[in-house]
Amino acid sequence: MRHIISILLENEPGALSRVAGLFSARGYNIESLAVAPTEDESLSRLTLVTTGTEDIVEQIIKQLNKLIDVVKLVDLTEGAHIERELMLAKIRANAAEKRSEVMRLAEIFRGRIIDVTDSNYTVELTGTGHKLDAFLQSLEPGDLLEVVRSGVSGIARGQKGLRV
Amino acid sequence: MELTGAEITVRCLQEEGVEFLFGYPGGAVLHIYDAIFQQDSVLHVLVRHEQAATHAADGYARATGKPGVVLVTSGPGLTNAVTGIATAYMDSIPMVILSGQVPTKLIGNDAFQEVDSVGITRPCVKHNFLVKSTEDLAETIKKAFYIASTGRPGPVLVDIPKDVTVNTAEFVYPKKIKMRSYNPTLKGHTGQIKKAVDLMLGAKRPMMYTGGGVILGGASQELVTLCKALGYPVTNTLMGLGAYPATDAQFVGMLGMHGTYEANMAMHNTDVLVAIGARFDDRVTGDLQKFCPVAKIVQVDIDPSSIAKNVKVDVPIVGDVKGVLNSMAEMVKDGDRKPDADALAAWWAQIDEWRKIDSLGFTASDTLIKPQYVVQKLYEVTEGKAIVTSDVGQHQMWAAQYYHFDQPRRWINSGGLGTMGFGLPAAMGAKLGCPDLDVACVTGEGSIQMMLQELSTMLQYQTPVKVVNLNNKYLGMVRQWQEFFYQKRYSMSYMDALPDFVKLAESYGHVGMLIDKPGDVEGALREAFGLKDRTVFLDFLTDPEENVFPMIPSGGGHNEMILGGRDAMVSTSEEGMVLV
């Protein structure tokens, strides 16, 4: 099962390496990991996506909680939640037909073209991982020149929030 | 008043009531050593190798329950200490390690004696800190002691750059520390405890399985009270020996790979297993598929991540074992329900049948010294009251099997990491912590040579220890596995060119004795323990091919023990050959 674990982490040097080190030392998977400071400058928020059996995910959560720098965490996949990922994709657009096709696709997926040259477009797209995958699959083979994905960020729906 | 970082460091140790600081000087910590020179309340013990500093601090911590404290320099000073830090981490021993670091400006520049200490130790400490400013030093050291000694204890490293020891700051030692991200759960959930007690009282074939957590939690008395009220059989793990008196009738011996027949058979047949401060280590469980096949399991542990890590648990209780055991004992005492006396009588009758197998029996010899016999005599001569440290291997198992520990904190060994070289420095630390107790280090000619240089430290600080060297000229446990699983191809397990240990001990200023006849064993031990203020190295030449029995081969279940006898056939499955 895929789980999205959201963590409030002390904004200390080395805190991120404790989380990453835990996963490598214990042989857990990290599919993606996104981290940035929060409105409280002493805290970072880290969102990681992992897969494993229920037993393994239970251990992952316990082991994460044991890290001194982890202040609080939540498994977003336990309840209703929203997940988003940002993608920047550089796509071949060197002929009029291609250019209009990429524009049309970007529009369908509610993306934005944020850079234009005579040979390519760069498209910005947010959504779930599935949506981003679907966009990439709809491109013609060989047209995708480069892709950057932020990894998943997520938040619980409704009143519930992860805060100190 | 403003103090230098070096002075602050030493003042912090004084505030914590640190008696002994085990360490070794070097460039990055020279200012701290200068501050140590100018005071006399913290006694610095100058070891001969930084690994020994950590083991000695570890032995001190295990013997006294207080955190062990270590001071090493940057780079090699710290890397040498890593083995001892990992040893303490695996056995949850409270320890604070202060390490010097190159000046903050040079960090990351590959400076002389620079190493990423926080990075290197991260996987084997409970937590670590790099102190970037002198203002933060006192609070960080306070946090280190707090984290190391609360919850599930463990080593905490504080890395101190040299400029931080030179710069000054106002010294305020916080009385209390509160951390939003660290709040160990102490009190067990009453509802869960009640559920556990109900399950326990309904048991037909109950079993109490307790580990190092009972000793760390200072809960031996509570364990005894509960077990006495219930009348249930008790087994201890290697780390838990002494938590329940070994000479008590309810004690069925150690369990696991080299546990007694009765303990392991009871584990296999129990219907309610109560695990207290024990972590279902692979040396204890054997094959998990075959582990306690019919039991409902209760597990009490202060560390939530220990619960249900290896084995599914029916009633998990997160909390301090002392409090939980107290609550359990009260519920048993005050409740109407009592243990099922008939079922219990039948269960004990069965256990007594297993006991008759006498799985620790061995054939004595008139000509060859049996290692088990030496430990038996050690037990008799010290009247079971000594602190016994050990190294790692066959001798460790024999010490655990044949020395019957009636009190906690008397058996000190590297159970989790299995660190050869641990025993001698640990014995030194234990002796410093408990000067009134006899301390023996049961070791072998392999392990002892890994930390032999500490004989020199032991002379300097007058820590009389009796070294019981079970010298079989083999790396015995390796040889035993090679005999069983590699058709006696003794690859690199024979110890050739051994030193004359008697002369060696003498050259270090101690007493050396060579014992090669069974008839001389007891006399030598009596003579050695009679020399109260001397370290004595007793070199026992023992039966070279004696094996440790019983044994559950890798991949086996508790009911698949191999009992003793030189010709016992031990084999394992293909799956077993992959296991350590």
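Above this text is the structure in question.
Quantities reported herein were computed from a predicted structural model and do not represent experimental measurements.

Parameters and conventions
- Residues numbered from 1 in each chain as written.
- Chains lettered and ligands numbered in written order.
- Predicted model: local features only at pLDDT ≥ 70, side-chain atom pairs only at ≥ 80, totals over all residues.
- Heavy atoms only, no water.
- Helix = DSSP H or I, 4+ residues; strand = E, 2+ residues; numbered from the N terminus.
- Rg over C-alpha atoms; globule rule 2.2 N^0.38 Å.
- Buried < 20%, exposed > 50% of the residue type's maximum accessible area, 1.4 Å probe, protein only.
- Contact = heavy atoms within 4.5 Å.
- Areas by Shrake-Rupley, 256 points an atom, 1.4 Å probe, with all protein chains shown as cover.
- Lys, Arg positive; Asp, Glu negative; His and termini not counted.
- Charge placed at Lys NZ, Arg CZ, Asp CG, Glu CD.
- Core = buried A, V, L, I, M, F, W, Y, C linked by side-chain atoms within 4.5 Å.
- Buried area = accessible area lost by both parts, 1.4 Å probe.
- Salt bridge = Lys/Arg side-chain N within 4 Å of Asp/Glu carboxyl O.
- Polar contact = N/O pair within 3.5 Å; in protein donor to acceptor, adjacent residues only side chain to side chain.
- Pairing = 2+ DSSP bridges.
- Axes fitted to C-alpha atoms, helices over the stretch in contact; angles between N-to-C directions.
- Expected span 1.5 Å × (residues − 1).
- Arc of directions from axis to C-beta.
- Patch = residues over 30% accessible without salt bridge, like charges linked within 9 Å, V, L, I, M, F, W, Y side chains within 5 Å.

Enquirer: Run through the overall build of chain B, naming residues and quoting values.
Expert: Of regular secondary structure, chain B possesses 22 helices and 20 strands. Whereas a compact globule of 580 residues would reach a radius of gyration of roughly 25 Å, chain B reaches 24 Å, a difference of no more than 12%. With the C-alpha coordinates of chain B rotated into their principal frame, the extents come out at 70 × 60 × 45 Å. A buried classification covers 59% of the 580 residues belonging to chain B. Sequence-distant contacts in chain B: of pairs separated by 6 or more residues, those separated by 24 or more amount to 75%. In the form shown here, chain B has an accessible surface area of approximately 22200 Å², with 53% of it arising from carbon and sulfur atoms. Computed over 51 positive and 65 negative side-chain charges, the inter-centroid distance for chain B is 5 Å.

Enquirer: Outline the nonpolar core, listing residues and values.
Expert: Nonpolar side chains in soluble globular proteins tend to be buried together. All names here are of chain B. Counting residues in hydrophobic clusters, the biggest one holds 106 residues, and the most contacted among them are M200, M208, L273, M328, L538 and F540. With six residues, the top contributor of residues to this core is helix α13 (residues 321–334). By size, the runner-up hydrophobic cluster in this structure holds 50 residues, among which are F20, Y60, I412 and F501.

Enquirer: Go over the interface of chain A and chain B with me, naming the residues and quoting the values.
Expert: Between chain A and chain B, the contact holds 20 residues from the first and 18 residues from the second. The junction of chain A with chain B conceals about 1500 Å² of combined surface from both sides, 45% of it contributed by carbon and sulfur atoms. Taken together, the links from chain A to chain B amount to three salt bridges. Note that R180(B) is salt-bridged to E10(A), the shortest N-O span being 2.8 Å. Viewed at the interface, chain B and chain A are joined by eleven residue pairs in polar contact (both at pLDDT 80 or more). Contributions of two or more residues to the side of chain A that touches chain B are made by α1 (15–26), α2 (54–66) and β4 (70–75) of chain A. Counting residues per element, the side of chain A that touches chain B draws most heavily on α2(A), which supplies six residues.

Enquirer: Break down the sheet that holds strand β18 (residues 466–471) of chain B for me, citing the residues and quoting the values.
Expert: Residues and elements named next belong to chain B. Taking strand neighbours across the sheet as the criterion, the six strands line up as β16-β15-β17-β18-β20-β19 in an open arrangement whose pairing is parallel. Whereas interior strands pair on both sides, the edge strands pair on one side only; in this sheet they are β16 (411–412) and β19 (511–515). Direction of pairing for strand β15 (residues 387–390) relative to β16: parallel, over a ladder of two bridges. Within β16, the position partnered with V388 by the bridge is W411. This element, helix α15 (residues 371–381), spans β17 (439–444), β18 and β20 (536–541) of the sheet and lies at about 165° to β18. Lying over the sheet, helix α16 (residues 394–402) contacts β15, β16, β17 and β18, oriented at roughly 140° with respect to β17.

Enquirer: Describe in detail helix α14 (residues 341–356) of chain B, supporting the description with residues and values.
Expert: Residue and element names in this part refer to chain B. Taking 1.5 Å of rise per residue, 16 residues should cover 22 Å, and α14 covers 22 Å from first to last C-alpha, within 8% of that figure. By the burial criterion, the buried members of α14 are A343, L344, W347, W348, I351 and W354. Summarising the axial view, the buried residues of α14 lie within an arc of 130°, below the 170-degree limit, and thus occupy one face. Exposed residues on α14 whose side chains face more than 90 degrees from its buried face are A341, D342 and K356. Contacts from the buried residues of α14 go to β9 (206–210), α10 (220–230), β11 (251–254) and α11 (261–269). Near the N-terminus of α14, the side chain that reaches the backbone nitrogen of D342, with its oxygen 3.3 Å away, is that of D340. One or two residues past the end of α14 sits D358, with phi positive at roughly 55°.

Enquirer: Explain a negative patch on the surface residue by residue, including any values.
Expert: Together, E2(B), E135(B), D136(B) and E170(B) line one region of the surface with negative charge. Assessed through its relative accessible area of 47%, E2(B) is described here as partly exposed.

Enquirer: Requested: an account of the pairing of strand β12 (residues 272–276) of chain B, with residues and values cited.
Expert: Residues and elements named next belong to chain B. Along β12, five of the five residues are buried, which leaves the element largely enclosed by surrounding structure. Of the two faces of β12, the one lined by V272, V274 and I276 and the one lined by L273 and A275 are each fully buried. Direction of pairing for β9 relative to β12: parallel, over a ladder of five bridges. Its bridge partner being in β12, T210 is matched across the sheet by I276. Bridge count between β12 and strand β13 (residues 296–301): five bridges; the pairing is parallel.

Enquirer: Please set out the pattern of salt bridges residue by residue, giving values where relevant.
Expert: Residue and element names in this part refer to chain A. This structure, assessed with the given rule, holds 40 salt bridges over all chains. Where R2 meets E83, a salt bridge forms, and the shortest distance between an N and an O atom there is 2.9 Å. In this pair, R2 is assigned in strand β1 (residues 2–10) and E83 in strand β5 (residues 81–92), connecting sequence segments 81 residues apart. When the shortest N-O distance is used, the salt bridge between K90 and E146 registers 3.7 Å. Taken together, the positions of K90 in strand β5 and E146 in strand β8 (residues 144–149) put the pair 56 residues apart, joining distant regions of the chain. Looking at E146, the relative accessible area reads 41%, which means it is partly exposed. Where salt bridges share partners, they join R92, K98, E140 and D143 into one cluster.

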